[in-house]
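Below, each chain spelled out in residue letters.
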Amino acid sequence: IVFAIRHRWLPAICLVLQIILIILFGVLVQYNHDTDAKLWHKGNQSDYENDFYYRYPSFQDVHVMIFVGFGFLMTFLQRYGFSSVGFNFLIAAFSLQWATLMQGFFHGFHGGKIHIGVESMINADFCTGAVLISFGAVLGKTSPVQLLVMAMFEVTLFSINEYILLSLLGARDAGGSMTIHTFGAYFGLVVTRVLYRPNLDKSQKRNSSVYHSDLFAMIGTLFLWMFWPSFNSAVTAHGDDQHRTAMNTYYSLASCTLATFGMSALTAHDGKLDMVHIQNAALAGGVAIGTAGEMMLTPFGSMIVGFLAGIISVLGFKYLSPFLESKLKIQDTCGVHNLHGMPGILGAIVGAVTAAAATTEIYGGGMKDVFPDVASQARDSFKQGGLQAISLVVTLGMALGGGLIVGFILKLPIYGSPSDTICYEDSIYWEVGSPYQRDADNVLSRPHQTISPIHKYLAFPPRAK
Amino acid sequence: IVFAIRHRWLPAICLVLQIILIILFGVLVQYNHDTDAKLWHKGNQSDYENDFYYRYPSFQDVHVMIFVGFGFLMTFLQRYGFSSVGFNFLIAAFSLQWATLMQGFFHGFHGGKIHIGVESMINADFCTGAVLISFGAVLGKTSPVQLLVMAMFEVTLFSINEYILLSLLGARDAGGSMTIHTFGAYFGLVVTRVLYRPNLDKSQKRNSSVYHSDLFAMIGTLFLWMFWPSFNSAVTAHGDDQHRTAMNTYYSLASCTLATFGMSALTAHDGKLDMVHIQNAALAGGVAIGTAGEMMLTPFGSMIVGFLAGIISVLGFKYLSPFLESKLKIQDTCGVHNLHGMPGILGAIVGAVTAAAATTEIYGGGMKDVFPDVASQARDSFKQGGLQAISLVVTLGMALGGGLIVGFILKLPIYGSPSDTICYEDSIYWEVGSPYQRDADNVLSRPHQTISPIHKYLAFPPRAK
Amino acid sequence: IVFAIRHRWLPAICLVLQIILIILFGVLVQYNHDTDAKLWHKGNQSDYENDFYYRYPSFQDVHVMIFVGFGFLMTFLQRYGFSSVGFNFLIAAFSLQWATLMQGFFHGFHGGKIHIGVESMINADFCTGAVLISFGAVLGKTSPVQLLVMAMFEVTLFSINEYILLSLLGARDAGGSMTIHTFGAYFGLVVTRVLYRPNLDKSQKRNSSVYHSDLFAMIGTLFLWMFWPSFNSAVTAHGDDQHRTAMNTYYSLASCTLATFGMSALTAHDGKLDMVHIQNAALAGGVAIGTAGEMMLTPFGSMIVGFLAGIISVLGFKYLSPFLESKLKIQDTCGVHNLHGMPGILGAIVGAVTAAAATTEIYGGGMKDVFPDVASQARDSFKQGGLQAISLVVTLGMALGGGLIVGFILKLPIYGSPSDTICYEDSIYWEVGSPYQRDADNVLSRPHQTISPIHKYLAFPPRAK
């Protein structure tokens with residue numbers, strides 16, 4: 001019966017949520033100056049000055065990270081590829097619309113209307129990123145309905161936290177070490193803690209990769225890695241700021257990659273490399289440079305940050321994750337604590353220290369772009385650094401508190417989440433074909449014949465054809 | 001013997017077509033103002049004003065959609081991945097060259113020469129898109145020679161139709177709901193109708209996906225989905241127009257995705273999701289916003305369009321496609337009627353209505369970019385809307401009539417198309433390896449051992465090694 | 001014991017190299033004018049004039065080619081996907097950092113400091129491309145430590161050669177037909193010759209593809225193909241030059257693709273197409289237009305070059321590679337001689353001829369961008385052409401001589417390269433899972449059960465779990 005409810009819920013929640021979104025957009029959302037035909041043509045500016053040309057290429061790179069990057073990174077599981085890439089698609093498409101409203105409510109409200117353009121699109125994708133990080137923590141153990149409910153609450157809390165940090169505290173966090181990575185990771189970790197499954201070992205055999213699923217995951221890894229410079233620089237100030245941020249991220253990631261390969265071979269059995277490390281830890285350099293990337297960190301500083309992030313991340317996968325699972329009952333499917341949690345905190349600390357060390361000697365006229373409050377003498381660098389540190393604490397508080405509440409909401413037995421014996425399994429949500437349909441070729445169709453053993457765990461018999 | 005002919009035809013047609021293209025380019029094609037060293041340096045414009053910087057990023061996104069998007073979307077078939085991505089590559093590489101000439105003949109002829117630059121490259125890729133849509137309808141049932149012949153005729157008819165719509169009727173269709181999607185879909189559907197195979201059920205077992213082929217197809221889906229905002233905005237006017245078009249498409253697609261997931265779970269057996277819907281219907285929002293995307297449709301309007309497109313498309317896959325196949329004998333392999341046909345018509349209607357509703361109150365000085373004929377008072381909005389509607393009728397006429405003629409040309413028994421028993425099968429066109437070569441590892445090589453049963457359907461014995 | 005050494009070397013070399021790089025960056029590297037907050041804000045220029053906006057989209061495309069393009073192109077081997085994409089990732093991340101220093105030392109040294117920005121990032125990625133080409137020649141037969149040592153030397157020699165060509169001889173080579181492709185290919189070919197393995201046939205069964213590995217490789221092929229116009233135009237002069245280069249490359253590649261399909265079907269058994277040709281030879285058009293792409297070659301000329309490149313490349317795969325292997329003992333895993341070697345030489349020759357034919361009549365005011373030495377009358381076109389030809393000879397000399405020395409360095413028996421019986425095999429470097437872990441699903445886990453036969457060739461027993 002729970003099954004039946006779930007299967008009736010998903011269509012309803014998708015269609016109803018979308019209709020609500022459409023109505024809210026109709027009431028609240030308007031084109032901004034750069035997207036409105038009338039407003040844009042009122043001024044005398046050249047068409048070439050439209051913000052589209054200075055943000056849209058970065059937006060597209062971020063967009064690829066959200067849909068292909070996160071989506072394929074999570075296809076590493078042997079029998080959860082459809083769900084990884086498919087649910088990623090679903091909750092991202094929902095979150096970016098909901099985030100437009102939530103972020104617009106806090107940041108872009110003009111005369112009762114939310115004004116949108118390419119910058120709000122990037123920010124909506126950023127907020128979506130945080131939701132997808134949390135998705136990584138609960139991957140394989142949650143129904144799509146649960147994920148949509150989680151996304152609804154998380155986007156809201158993300159927007160509040162972002163508002164406190166960027167607007168109230170005046171913190172800087174262009175690449176989201178705090179707002180996106182720390183928030184998304186710890187939110188997700190608390191949710192997965194609340195949803196702890198004591199008998200998850202019954203699905204353990206499916207909680208692993210096969211040869212080709214690891215290659216699919218590398219598609220996700222590489223698109224995240226390559227486009228991370230665009231991610232961190234997407235909403236920084238124009239000119240030297242975007243340029244510098246992209247370059248700092250580029251060197252941080254390169255440095256992190258060598259640290260990851262080194263540490264993976266150092267810690268792994270027989271000195272062999274572990275795909276899990278390469279797929280994940282090599283990205284920690286992008287996370288850890290998220291706050292300080294726009295600052296005058298120098299390539300030298302960026303490489304140190306990336307190096308430390310790679311080391312921390314591999315050690316986390318190797319030693320901390322098993323500990324968290326066995327002692328703290330945190331079942332973190334994708335290891336988001338190692339990729340987003342710890343490197344996010346590292347990034348926040350590096351940002352606070354770099355901000356505190358900022359001087360006019362170093363930044364010159366560029367101070368107003370990076371630290372506007374310091375340039376306007378509303379505060380000094382040291383206070384900026386302190387507020388950056390406070391921002392980290394606020395973020396952790398919001399993530400842990402929010403995750404706790406949302407976790408209990410998600411624990412209600414109404415969403416039809418999979419039982420402990422059928423986690424990490426596509427066939428309960430997706431048509432994966434009957435043996436008849438796929439039988440053309442002996443071996444290729446074999447995987448589908450082996451679906452049958454799973455059916456015995458299900459509340460309903462296999463479909464007759 | 002037919003087999004032998006086909007196998008001699010393919011090299012000949014590739015090489016001869018390319019030599020003809022080279023000669024025609026030599027006679028007819030010149031650099032335009034922005035690509036010619038001498039012409040560009042005659043003026044006093046800044047290098048930064050070269051159109052390259054305002055079109056090329058969009059061009060690259062479109063390029064990815066054509067080669068990776070369409071190519072991988074069609075790899076869903078279990079034994080037709082090489083052909084899907086390979087023939088897509090071949091006919092796209094041919095079509096973009098041929099389209100440069102055909103479109104240049106109709107649109108860019110200056111003193112007997114065709115002038116080319118990044119905008120003509122985008123338009124050539126667009127025309128190629130229409131051919132690839134038709135390819136989707138006949139996928140698995142046609143030889144590469146047949147496909148090249150189809151491309152040759154279709155590019156020509158596409159260019160004539162585009163000329164009638166954009167130049168003679170003054171219609172607006174920046175994202176090609178009519179010129180690309182409606183034309184490509186109905187052209188391909190008539191071709192596949194003429195090429196009807198009554199005994200195709202003998203290949204039915206191969207007309208389906210396997211687990212990993214569905215994941216490969218998702219690569220295509222996501223790159224199409226992510227870059228569709230670039231597609232629709234690639235050739236609109238600079239400034240607010242490109243910006244607005246990209247944003248409208250972004251929200252249309254997001255809305256369409258939730259509608260698709262909702263409808264897929266609603267209509268499918270057991271409430272499970274169907275990969276075919278996710279791979280295809282989630283893209284219908286991009287198709288349906290192709291005409292009106294540049295207009296002041298508002299995000300609200302865009303989301304309604306996307307929502308309807310997703311619903312129509314899933315219902316088409318579920319109920320209409322089986323009907324078309326059984327009653328109208330239209331064997332539409334990829335379901336292009338659901339992804340491109342109906343959503344394309346929807347897009348044309350939305351465009352006509354939105355155009356008819358355009359007022360100076362809304363568009364201000366931007367009217368001249370979106371509706372130049374209305375801005376110049378050559379016609380009023382209502383007439384513009386009417387001409388948009390007429391354009392849809394013209395497009396359908398050209399597609400149906402053209403498809404009929406080309407279908408009969410392709411029916412000639414000279415192209416060596418596969419017999420009904422070996423459709424959807426790579427091994428008749430591609431070296432897929434002998435058992436000996438691939439034997440390193442028992443299971444991985446197994447698929448190749450199972451090729452042998454297919455050989456018995458072939459007119460020639462397996463290769464000796 | 002050698003095994004043990006290798007397995008201790010890899011972590012050490014990764015971590016130590018990265019620490020050395022960090023120190024050198026700390027001592028030598030600074031932000032350039034466009035990335036430094038103070039310097040940039042000293043002038044009065046608009047933020048929109050920052051070079052970021054005119055180079056970064058091209059940089060991102062090049063970046064995708066290096067990591068996804070090269071990485072996935074080499075996943076065609078059935079049991080070497082992890083190593084292909086993983087080692088590609090490792091040596092690219094190292095090489096781009098090392099290249100920043102080496103190229104900076106030769107080209108960007110200002111007052112004892114190397115100044116960096118987006119253009120140096122593109123050049124670093126370019127140099128990395130040469131290393132990855134050489135990697136293709138030795139793929140499957142070298143340990144990661146060996147590859148890092150090779151990269152260290154090759155980057156150095158690349159930078160010297162580039163300095164001789166571009167700075168001393170004043171040659172033009174924007175897309176690197178000589179500096180990247182010819183150098184990388186012949187360097188790698190000599191290295192693989194020195195590392196000749198007489199008993200490599202014992203691993204021959206693994207030196208081939210399987211169905212899905214060929215599809216993964218097509219991801220690499222297509223991203224290389226699509227973004228090659230960005231590669232060749234990434235560092236040319238702004239304005240018409242970048243625009244023209246991208247367009248010439250676009251048409252060269254399209255023409256090359258038809259030539260490749262034609263020649264593949266013409267030369268292959270039964271007229272079937274060979275995936276190896278499609279994956280590789282279709283790219284030769286991008287290589288061969290690397291030098292002349294920025295010149296006024298015309299689309300007509302570009303298509304001829306692409307056509308010839310495709311033909312040469314397929315013939316190379318079909319007839320020359322087996323000859324090189326059997327007679328000259330050059331075991332060229334990826335056939336880099338056919339994709340980069342011969343087309344690179346063709347590109348150099350086309351560049352020399354096109355340069356010699358340059359006149360002010362054709363180039364007008366654009367002469368100063370394409371041939372600054374001719375525009376300043378420091379030399380005439382004919383001499384420019386001659387110096388281009390000399391550059392090819394210098395490049396071949398540097399590649400052959402350098403490859404010889406580095407080959408012998410790599411032959412030292414200290415790097416733990418795999419024995420002849422276990423080449424082209426991931427499981428010696430990567431955790432590919434024990435049968436227990438992957439057993440969830442009968443068939444999908446089967447590949448891992450079949451690892452066992454390989455263990456008998458290894459110097460150590462399989463891990464106990």
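The structure presented is a predicted model; accordingly, all values stated were derived computationally and were not measured.

## With respect to the UniProt feature "domain: Ammonium transporter AmtB-like" (unreviewed entry) in chain A
Next, step 1: Taken from the UniProt record, the annotation "domain: Ammonium transporter AmtB-like" (unreviewed entry) applies to residues 22-412 of chain A.
Next, step 2: Along residues 22-412 of chain A, the helical share is 72% and the strand share 2%, with 28 Å between the first and last C-alpha atoms.

## A word on the interface of chain C and chain B
Next, step 1: Contacts between chain C and chain B engage 79 residues on the former and 82 residues on the latter.
Next, step 2: The largest per-residue losses of area from chain C upon contact with chain B belong to C:Tyr211, C:His243 and C:Leu258, which jointly make up 12% of the total buried on that side.
Next, step 3: In this assembly, chain C and chain B are joined by one salt bridge.
Next, step 4: A salt bridge links B:Lys38 to C:Glu361, with the nearest nitrogen and oxygen atoms 3.6 Å apart.
Next, step 5: Taken together, the connections running from chain C to chain B amount to 26 residue pairs in polar contact (both at pLDDT 80 or more).

## A closer look at the sheet that holds strand 1 (residues 29-31) of chain A
Residues and elements named next belong to chain A.
Next, step 1: Taken in spatial order, the three strands of this open sheet run 1-3-2, and their pairing is mixed. The sheet is open, and its two edges are formed by strand 1 and strand 2 (109-110), each paired on a single side.
Next, step 2: Direction of pairing for strand 1 relative to strand 3 (residues 113-116): parallel, over a ladder of three bridges. Bridge pairing in strand 3 places Val 29 opposite Ile 114.
Next, step 3: Its contacts with the sheet place helix 4 (residues 81-107) against strand 1, strand 2 and strand 3, and it is angled at close to 110° to strand 3.

## Observations concerning unusual backbone geometry
Next, step 1: Despite not being glycine, A:Thr298 shows a phi value in the positive range, around 70°.
Next, step 2: Considering the arrangement of structural elements, one finds A:Thr298 in helix 12 (residues 298-327).

## Some points on the relation of the copies chain C and chain B
Next, step 1: Overlay of chain C on chain B (RMSD 0.0 Å): rotation 120°, translation along the axis 0.0 Å. Taken together, the turn and the small shift mark the pair as related by a three-fold rotation axis. Across chain C, the rotation axis passes nearest the C-alpha of C:Pro57, at a separation of 3.9 Å.
Next, step 2: Interface overlap between copies is the fraction of interface residues in one copy that are interface residues in the other; for chain C against chain B it is only 11%, indicating separate surfaces.

## Some remarks on a nonpolar patch on the surface
Residues and elements named next belong to chain A.
Next, step 1: On the surface, Trp 9, Leu 412 and Ile 414 cluster together into a nonpolar patch covering about 250 Å² of accessible area.
Next, step 2: With respect to the helices, strands and loops of the structure, Leu 412 is situated in the loop between helix 17 (381-411) and helix 18 (442-449).
Next, step 3: Judged by its relative accessible area of 42%, Leu 412 falls in the partly exposed class.

## A word on the relation of the copies chain B and chain A
Next, step 1: Its rotation angle being 120°, the transformation that places chain B on chain A also includes 0.0 Å of axial translation and leaves an RMSD of 0.0 Å.
Next, step 2: Comparing interface residues between copies, only 11% of those in chain B also sit at the interface in chain A, which points to a heterologous contact through distinct surfaces.

## What about the interface of chain B and chain A?
Next, step 1: Facing the 79 residues of chain B at the interface are 82 residues of chain A.
Next, step 2: Across the chain B/chain A interface, buried area totals approximately 7,300 Å², and carbon plus sulfur atoms make up 73% of it.
Next, step 3: Three residues stand out in chain B for area buried against chain A, namely B:Tyr211, B:His243 and B:Leu258, and they jointly supply 12% of the buried area on that side.
Next, step 4: Where chain B meets chain A, there are one salt bridge.
Next, step 5: There are 26 residue pairs in polar contact (both at pLDDT 80 or more) connecting chain B and chain A.
Next, step 6: Elements supplying a minimum of two residues to the side of chain B that touches chain A: helix 3 (52-73), helix 8 (211-233), helix 9 (240-267), helix 10 (275-280), helix 12 (298-327), helix 14 (360-363), helix 15 (367-370) and helix 18 (442-449) of chain B.
Next, step 7: When residues of the side of chain B that touches chain A are assigned to their parent elements, the largest contribution, 20 residues, is made by helix 9 of chain B.

## Let's talk about helix 8 (residues 211-233) of chain A
Residue and element names in this part refer to chain A.
Next, step 1: With 23 residues, helix 8 extends 35 Å between its outermost C-alpha atoms, agreeing within 8% with the 33 Å of an ideal straight helix rising 1.5 Å per residue.
Next, step 2: The largest bend along helix 8 reaches roughly 50° and is located at Phe 227, with the proline Pro 229 sitting one to four residues downstream.
Next, step 3: Most of helix 8 sits out of view: 23 of its 23 residues are buried.

## Quick look at the packing of aromatic side chains
A ring pair, where both rings are aromatic, is described by two values, the distance of the centres and the angle of the planes.
Next, step 1: Taken as a whole and judged by the stated rule, the model has 90 aromatic pairs over all chains.
Next, step 2: Here the aromatic rings of B:Tyr48 and C:Tyr54 are separated by 4.1 Å at their centres, their planes lie at 20°, and the arrangement is stacked. In this pair, B:Tyr48 sits in the loop between helix 2 (37-42) and helix 3 while C:Tyr54 sits in helix 3 (residues 52-73), so the two residues belong to two different chains.
Next, step 3: C:Tyr54 sits in the buried class, given a relative accessible area of 5%.

## Section: the environment of A:Asn123
Next, step 1: Position of A:Asn123 among the secondary structure elements: in helix 5 (residues 118-138).
Next, step 2: Taking the C-alpha atoms as reference points, A:Asn123 and A:Gly104, separated by 19 residues in sequence, lie 9.7 Å from one another.

## Points about the environment of C:Phe82
Next, step 1: Checked against the element boundaries, C:Phe82 lands in helix 4 (residues 81-107).
Next, step 2: For the pair C:Phe82 and C:Gly71, spaced 11 residues apart in the sequence, the C-alpha separation amounts to 9.6 Å.
Next, step 3: Apart from residues lying up to four places away in sequence, C:Phe82 is in contact with A:Tyr211, A:Asp214, A:Leu215, A:Met275, C:Phe87, C:Asp426, C:Trp430, C:Glu431 and C:Val432.

Reading guide: rules and limits
- Residues numbered from 1 in each chain as written.
- Chains lettered and ligands numbered in written order.
- Predicted model: local features only at pLDDT ≥ 70, side-chain atom pairs only at ≥ 80, totals over all residues.
- Heavy atoms only, no water.
- UniProt positions renumbered as here; feature names shortened; annotations may be inferred.
- Helix = DSSP H or I, 4+ residues; strand = E, 2+ residues; numbered from the N terminus.
- Contact = heavy atoms within 4.5 Å.
- Buried area = accessible area lost by both parts, 1.4 Å probe.
- Salt bridge = Lys/Arg side-chain N within 4 Å of Asp/Glu carboxyl O.
- Polar contact = N/O pair within 3.5 Å; in protein donor to acceptor, adjacent residues only side chain to side chain.
- Pairing = 2+ DSSP bridges.
- Axes fitted to C-alpha atoms, helices over the stretch in contact; angles between N-to-C directions.
- Least-squares fit on C-alpha atoms with pLDDT ≥ 70 in both.
- Patch = residues over 30% accessible without salt bridge, like charges linked within 9 Å, V, L, I, M, F, W, Y side chains within 5 Å.
- Areas by Shrake-Rupley, 256 points an atom, 1.4 Å probe, with all protein chains shown as cover.
- Buried < 20%, exposed > 50% of the residue type's maximum accessible area, 1.4 Å probe, protein only.
- Expected span 1.5 Å × (residues − 1).
- Bend = angle between axes of the 7 residues up to and from the residue.
- Phe/Tyr/Trp six-rings, centres within 6.5 Å; stacked < 30°, edge-to-face > 60°.

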